[in-house]
Amino acid sequence: MIKAVSGMDNDQAPHIIYLLDHFTIHGPNGEHSVLVTDVVVPISSIRVSKGSLLWRKSLALGLAKGVAKLHDAGIVHGDLHLGNMGLAFPELDGQDPFDVVQELCPHDLTVVLSFSSDDQTSSLPPYIITPCGVAKYHNMVTRSALPRTLPQTKIFDFGAAHEVGTSISNFHCRTAVCAPEVVFAMVIEEIKDPLVDPPADIWALGCCIYELVTGSSLFYRVSGHGLASRMVSMASSLPPKWQDWCATLPNPPQVSKDTSNLWWASEWRFIRSRCDDDAEADALVALLKKLLVLDPMARPTAIEVLDDPWLLHAATMTE
């Protein structure tokens, strides 16, 4: 799938990781496929919450543009979360390759042993090596824990990506960004590999934007039926299947525009603490309320998301 994604011109898809080369290596730990891409600094290794609101909005804008490009190419990412986002590292082009390697070394090497010698099999690698500290080197080169220039978001990890209208076996998705229709299929209907369409990425995009701005996950440590119930608590209306499921609960929840507004009013106070003013918080909540709806058909497309006032403001500030 990454080959299909990287078939896009890098200049036309600047927010998607670009595949430069790929090959197979036969080493002491077996046979491995190697993907050579542009260098990306994982968002998870950067203290995003310490950046300015404009810096974080720029990340959100780049993510939305990347999703729009994927959907335009007929591809669903399927597992969009901050762990699959990164920053471009254009400053690397000006560094001496020898200096880069020296700064990234040495690597910690750990010998792999089983608890019992009887269980030591050839399937276990002789050793493992810790990843190099790209984020630390990035910080050193940019002379700051966060770059002074606005970031260029990169989407990577296409392990759950697939063409629109198709499904993949052994589907996986981080619980905190899993769309309601996917949660319902997997948890309530017990469908192992549900159909995951573009609206699922839109829900995940909303979760990512919330986390980029607030520094917290909207569905932290919630899973299974508890996750489904929390999704219902924020909804203003329920799709038919959700109505039928809620009717089977011992204490069916009350779902209306009023209960939804109360839920979002509570979230607004937390979001406001991470925004510059009330108007900024109002605009962000208005966007999230459009993205985070239970009915996938009611969510906007990625292109429509880019026309939202909150992101349009970020676009005008980054031009």
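Residues numbered from 1 in each chain as written. Predicted model: local features only at pLDDT ≥ 70, side-chain atom pairs only at ≥ 80, totals over all residues. Heavy atoms only, no water.

Draft legend 1. How the structure looks around the packing of aromatic side chains. According to the stated counting rule, one finds six aromatic pairs in the structure shown. With a centroid separation of 6.3 Å and 65° between ring planes, the pair formed by phenylalanine 89 and tyrosine 137 is classed as edge-to-face. You can see phenylalanine 89 sitting in the loop between β5 (85–88) and α3 (97–104) and its partner tyrosine 137 sitting in helix α4 (residues 134–142), a full 48 residues away along the chain. Neither phenylalanine 89 nor tyrosine 137 differs from the other in exposure class; each is buried. Centroid distance phenylalanine 184 to tryptophan 242: 5.0 Å. Interplanar angle 45°. Geometry classified as tilted. In this pair, phenylalanine 184 is assigned in helix α5 (residues 180–188) and tryptophan 242 in helix α8 (residues 240–247), connecting sequence segments 58 residues apart. Both residues of the pair, phenylalanine 184 and tryptophan 242, count as buried. (Phe/Tyr/Trp six-rings, centres within 6.5 Å; stacked < 30°, edge-to-face > 60°. Helix = DSSP H or I, 4+ residues; strand = E, 2+ residues; numbered from the N terminus. Buried < 20%, exposed > 50% of the residue type's maximum accessible area, 1.4 Å probe, protein only.)

Draft legend 2. Summary view of the pairing of β5. Inspection of the sheet shows strand β3 (residues 40–42) paired to β5 by three bridges, in the antiparallel sense. Bridging from a neighbouring strand, valine 40 pairs with alanine 88 of β5. Where β5 and strand β8 (residues 153–155) come together, three bridges link them in antiparallel fashion. By the bridge assignment for β8, methionine 85 is matched with isoleucine 155. (Pairing = 2+ DSSP bridges.)

Draft legend 3. Region of the structure containing a nonpolar patch on the surface. Together, Leu109, Val111, Leu113 and Ile129 line one region of the surface with nonpolar side chains, adding up to about 430 Å² of accessible area. Note on placement: isoleucine 129 falls in strand β7 (residues 127–129). For isoleucine 129, a relative accessible area of 49% corresponds to the partly exposed category. (Patch = residues over 30% accessible without salt bridge, like charges linked within 9 Å, V, L, I, M, F, W, Y side chains within 5 Å. Areas by Shrake-Rupley, 256 points an atom, 1.4 Å probe, with all protein chains shown as cover. Salt bridge = Lys/Arg side-chain N within 4 Å of Asp/Glu carboxyl O.)

Draft legend 4. Structural view of the confidence of the model for the protein chain. Here the protein chain averages 88 in pLDDT, while 93% of its residues score no lower than 70. Looking at the elements of the protein chain, mean pLDDT is at its lowest for helix α1 (residues 2–5), recorded as 66, and at its highest for helix α11 (residues 302–305), recorded as 97. (pLDDT = per-residue confidence, 0-100.)

Draft legend 5. Molecular detail of the pattern of salt bridges. Following the criterion strictly, the structure yields six salt bridges and no others. Residues glutamate 280 and lysine 57 are paired through a salt bridge, measuring 2.9 Å at the closest nitrogen-oxygen approach. Note that glutamate 280 is positioned in helix α10 (residues 278–291) and lysine 57 in helix α2 (residues 53–72), a separation of 223 residues in sequence. For the residue pair glutamate 280 and lysine 57, the accessibility class agrees, reading buried in each case. As a salt-bridge pair, arginine 299 and glutamate 181 come within 2.7 Å of each other at their nearest N and O atoms. Taken together, the residues span a long stretch of sequence, with arginine 299 in the loop between α10 and α11 and glutamate 181 in helix α5 at a distance of 118 residues. Residue arginine 299 is classed as buried on the basis of its relative accessible area, which comes to 6%. Relative accessible area serves as the criterion here: at 21%, glutamate 181 is assigned to the partly exposed category.

Draft legend 6. Inspection of the packing of α2 against helix α6 (residues 198–214) at higher detail. Remark: α2 packs on α6, axes separated minimally by 10 Å, with the N-to-C direction vectors making an angle of 170°. The angle between α2 and α6 falls in the class roughly antiparallel. In contact with Leu53, Arg56, Leu59, Ala60, Leu63, Ala64, Val67 and His71 of α2, α6 contributes Pro198, Asp201, Ile202, Leu205, Cys208, Ile209, Leu212 and Val213. Counted by class, the contact of α2 with α6 contains 13 nonpolar, one polar and two charged residues. (Axes fitted to C-alpha atoms, helices over the stretch in contact; angles between N-to-C directions. Parallel < 35°, antiparallel > 145°, perpendicular 65-115°, else oblique. Contact = heavy atoms within 4.5 Å. Nonpolar A, V, L, I, M, F, W, Y, C, P; charged D, E, K, R; others polar.)

Draft legend 7. Representation of the sheet that holds β8 in the model. A sheet is described by the order of its strands in space; here three strands give the open sequence β3-β5-β8, paired in antiparallel fashion. A single partner strand is all that each edge strand has here, and the edge strands are β3 and β8. Neighbour-to-neighbour, the strand axes of this sheet turn through a mean angle of 45°, independent of strand direction.

Draft legend 8. Region of interest: empty space enclosed by the protein. A full pass over the atoms with the stated rule returns two cavities of 30 Å³ or more. In this structure, the largest cavity spans a volume of roughly 50 Å³. Lining the largest cavity are 13 residues, and of these Gly78, Cys173, Val177, Ala179 and Ala200 lie nearest its centre. For the lining of the largest cavity, the element with the most residues is α6, which contributes three residues. Its residues assigned to classes, the lining of the largest cavity shows 10 nonpolar, one polar and two charged. (1 Å grid on protein atoms, 1.4 Å probe; cavity = no way out; pocket = protein on both sides within 12 Å on 5 of 7 lines; lining within 4 Å. Points joined across faces, edges and corners; volume = space filled by probe spheres on them.)

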